[in-house]
Amino acid sequence: MNSDDLACFARVVACGSFSRAAVELGSDQSTISRQMARLETQARTRLFHRSGRGVELTEPGRLLLAHAQRVAAALDDAQRTLQACADDGPAQIVIAAQPTIANTTFAAVGKALLRQFPRTRLRFVEGLGTHMVGWLASGEIDIAILYLPAHAGGLEVDLLLHEQLCLVGPPGDPAMTGEWPLRALADVPLILPGTPHGLRLLAESLASRLGITLNVALECDASTSVTKRLVQEGCGYTLLPLAAVSDELASGRLTAVSLADPAPQRDVALATSRNRPPVAEQWDITRIIRREVQTIVANGGWPGATLIEQK
């Protein structure tokens, strides 16, 4: 015997007929009849007296009813428990992002998630892309919003947007006008992260394809804000997305020009681990993040970004 057939049996008894039970269960009478015939075969006895007025229990049917009612009650209780869990959301959500992405998205995403899951403990983490890949694999974080790494093995990724890179220079630099040919990066002293960093790998890859050698005057593996301060003080130039320097550009503390021939870009994606079970309500959480990112871009809060349509 299986629980579905026993729960159906209890409903048929409560309704007094197969047809009324089918309506309540959202099924059809022939399906209910087959289930009850299967149950009688397994019980090796008749459970119902059938007539034109409906059904009545046989003596074995009355004996089975008490068991079937307990099974039906247990199934209802399990469904209510799962629904309550779904309504409350997960106990904790840990979301990580790289600094520029975190600065652009965390406020809106946090507000939306707390509104949807008020009982959930929400934790935000900043980190490098290479760190986040490891954190996803180990379960330290549930979801990452990151620049898509060159090798995304072990990750389930959902692309959100393309983001253009620009050349960032000190304030008042007369050369920072118009567009900057990518080949001309060889002519300026650059401040870039060390080689394991995604931005450095992208820059080196672009240089290799163009047959140029980058002039890396200074390596900085500190935060983006430290790199921007170094540029502001005249220590060199750097490559950053427009969103990372929008405040400094508005206040005149930095300058920036678009890169061209070709224009480099990075993809921003939602990432989860393929090798770990998903956090509760993960689909809803990622849907909320995508919606908030779309709103930010549409309202001009992510300069230099172009949304990727979801397939």
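You'll find the structure just up there.
As the structure is a computational prediction, the values presented were derived from the model and not from experiment.

> Could you clarify how one ought to interpret the overall build of the protein chain in this entry?
What the protein chain contains, in helices and strands, is 10 helices and 13 strands. Taken over the C-alpha trace, the protein chain has a radius of gyration of 30 Å; the compact-globule value for 311 residues is 19 Å, which it surpasses by more than 25%. Each principal axis of the C-alpha atoms in the protein chain carries an extent, and together these give about 95 × 35 × 30 Å. Counting every position in the protein chain, which comprises 311 residues, the buried fraction comes to 43%. Within the protein chain, contacts between residues separated by at least 24 positions form 74% of all contacts whose residues are at least 6 apart in sequence. As presented, the protein chain carries roughly 16,400 Å² of accessible surface, and 51% of it is formed by carbon and sulfur atoms. Across the protein chain, 29 positive and 32 negative side-chain charges occur, with their mean positions spaced 9 Å apart.

> Where do I start with the side chain of Thr100 in this structure?
By the element assignment, Thr100 lies in helix α5 (residues 99-116). Dropping the residues within four chain positions of it, Thr100 is found in contact with Tyr147, Thr224, Pro241, Ala243 and Ala244.

> How should I be thinking about the packing of helix α1 (residues 3-15) against helix α2 (residues 18-25) in this particular structure?
The axes of two packed helices give the description: the angle between them and the distance between them. Relative orientation of the contacting elements α1 and α2 amounts to 120 degrees, with a least axis distance of 8 Å. Here α1 is positioned oblique relative to α2, judged by the angle of their axes. The hand of the α1/α2 crossing is right-handed. Seen from α1, the contacting residues are Cys8, Arg11, Val12 and Cys15; seen from α2, they are Phe18, Arg20, Ala21, Glu24 and Leu25. For the contact of α1 with α2, the residue count by class is 6 nonpolar, no polar and 3 charged.

> Can you walk me through the layout of surface pockets in this structure?
Over the atoms rolls a probe the size of a water molecule, and in doing so it shows where empty space is left. Approximately 640 Å³ is the volume attributed to the largest pocket. Taken together, 33 residues line the largest pocket, and the ones lying closest to its centre are Pro99, Thr100, Ser223, Thr224 and Ser225. For the lining of the largest pocket, the secondary-structure elements that each account for two or more residues are α5, β8 (190-192), α8 (224-232), β10 (238-241) and α9 (242-251). A per-element tally of the lining of the largest pocket places α9 first, with 6 residues. When its volume is computed, the second largest pocket comes out at roughly 490 Å³. Forming the walls of the second largest pocket are 20 residues, and the residues nearest its centre are Leu148, Pro149, Ala150, Gly198 and Leu201. Of all elements in the fold, only α6 (129-138), α7 (198-210) and β12 (265-273) reach the threshold of two or more residues within the lining of the second largest pocket. A per-element tally of the lining of the second largest pocket places α7 first, with 5 residues. Considered class by class, the residues forming the lining of the second largest pocket number 10 nonpolar, 8 polar and 2 charged.

> Honestly, the packing of aromatic side chains in this entry has me stumped. Any pointers?
Each aromatic ring pair is specified by the distance between its two centres and by the angle formed by the two planes. Applying the stated rule across the entire model yields 3 aromatic pairs. When the centroid spacing of 5.7 Å and the interplanar angle of 85 degrees are considered together, the rings of Phe18 and Phe48 count as edge-to-face. With Phe18 in helix α2 and Phe48 in strand β1 (residues 48-51), the pair connects residues that are 30 residues apart, well separated along the chain. Taking relative accessible area as the criterion, Phe18 reaches 9% and is therefore assigned buried.

> What's the story with the nonpolar core in this structure? I'm lost.
The tendency in soluble globular proteins is for nonpolar side chains to be buried side by side. Core analysis: the largest hydrophobic core is formed by 31 residues, its most contacted members being Leu167, Trp180, Leu185, Leu239 and Leu259. Where this core is concerned, the elements lending two or more residues are β6 (155-169), β8, α7, β10, α9 and β11 (255-260). At 6 residues, α7 tops the list of elements feeding residues into this core. Not counting residues within four places of it along the chain, the set of residues in contact with Leu239 comprises Cys166, Leu167, Leu185, Leu192, Leu199, Ala203 and Leu259. By size, the runner-up hydrophobic cluster in this structure holds 27 residues, among which are Ile93, Leu160, Leu270 and Ile285.

> Mind showing me how you'd approach a nonpolar patch on the surface here?
On the surface, a cluster of nonpolar side chains totalling about 180 Å² of accessible area is made up of Leu148, Val157 and Leu159. By the secondary structure assignment, Leu148 is in the loop between β5 (143-147) and β6. The class of Leu148 is partly exposed, set by a relative accessible area of 32%.

> Sorry, what's going on with the pairing of strand β2 (residues 54-57) here?
Every other side chain in a regular strand lies on the same face of the sheet, so the side chains alternate between the two faces. Note that β1 and β2 share 4 bridges and pair antiparallel. Its bridge partner being in β2, His49 is matched across the sheet by Glu56. Counting the residues in the hairpin turn of β1 and β2 gives 2 residues.

What counts and what doesn't
- Residues numbered from 1 in each chain as written.
- Predicted model: local features only at pLDDT ≥ 70, side-chain atom pairs only at ≥ 80, totals over all residues.
- Heavy atoms only, no water.
- Helix = DSSP H or I, 4+ residues; strand = E, 2+ residues; numbered from the N terminus.
- Rg over C-alpha atoms; globule rule 2.2 N^0.38 Å.
- Buried < 20%, exposed > 50% of the residue type's maximum accessible area, 1.4 Å probe, protein only.
- Contact = heavy atoms within 4.5 Å.
- Areas by Shrake-Rupley, 256 points an atom, 1.4 Å probe, with all protein chains shown as cover.
- Lys, Arg positive; Asp, Glu negative; His and termini not counted.
- Charge placed at Lys NZ, Arg CZ, Asp CG, Glu CD.
- Axes fitted to C-alpha atoms, helices over the stretch in contact; angles between N-to-C directions.
- Parallel < 35°, antiparallel > 145°, perpendicular 65-115°, else oblique.
- Left-handed = near helix turned anticlockwise from the far one by under 90°.
- Nonpolar A, V, L, I, M, F, W, Y, C, P; charged D, E, K, R; others polar.
- 1 Å grid on protein atoms, 1.4 Å probe; cavity = no way out; pocket = protein on both sides within 12 Å on 5 of 7 lines; lining within 4 Å.
- Points joined across faces, edges and corners; volume = space filled by probe spheres on them.
- Phe/Tyr/Trp six-rings, centres within 6.5 Å; stacked < 30°, edge-to-face > 60°.
- Core = buried A, V, L, I, M, F, W, Y, C linked by side-chain atoms within 4.5 Å.
- Patch = residues over 30% accessible without salt bridge, like charges linked within 9 Å, V, L, I, M, F, W, Y side chains within 5 Å.
- Salt bridge = Lys/Arg side-chain N within 4 Å of Asp/Glu carboxyl O.
- Pairing = 2+ DSSP bridges.

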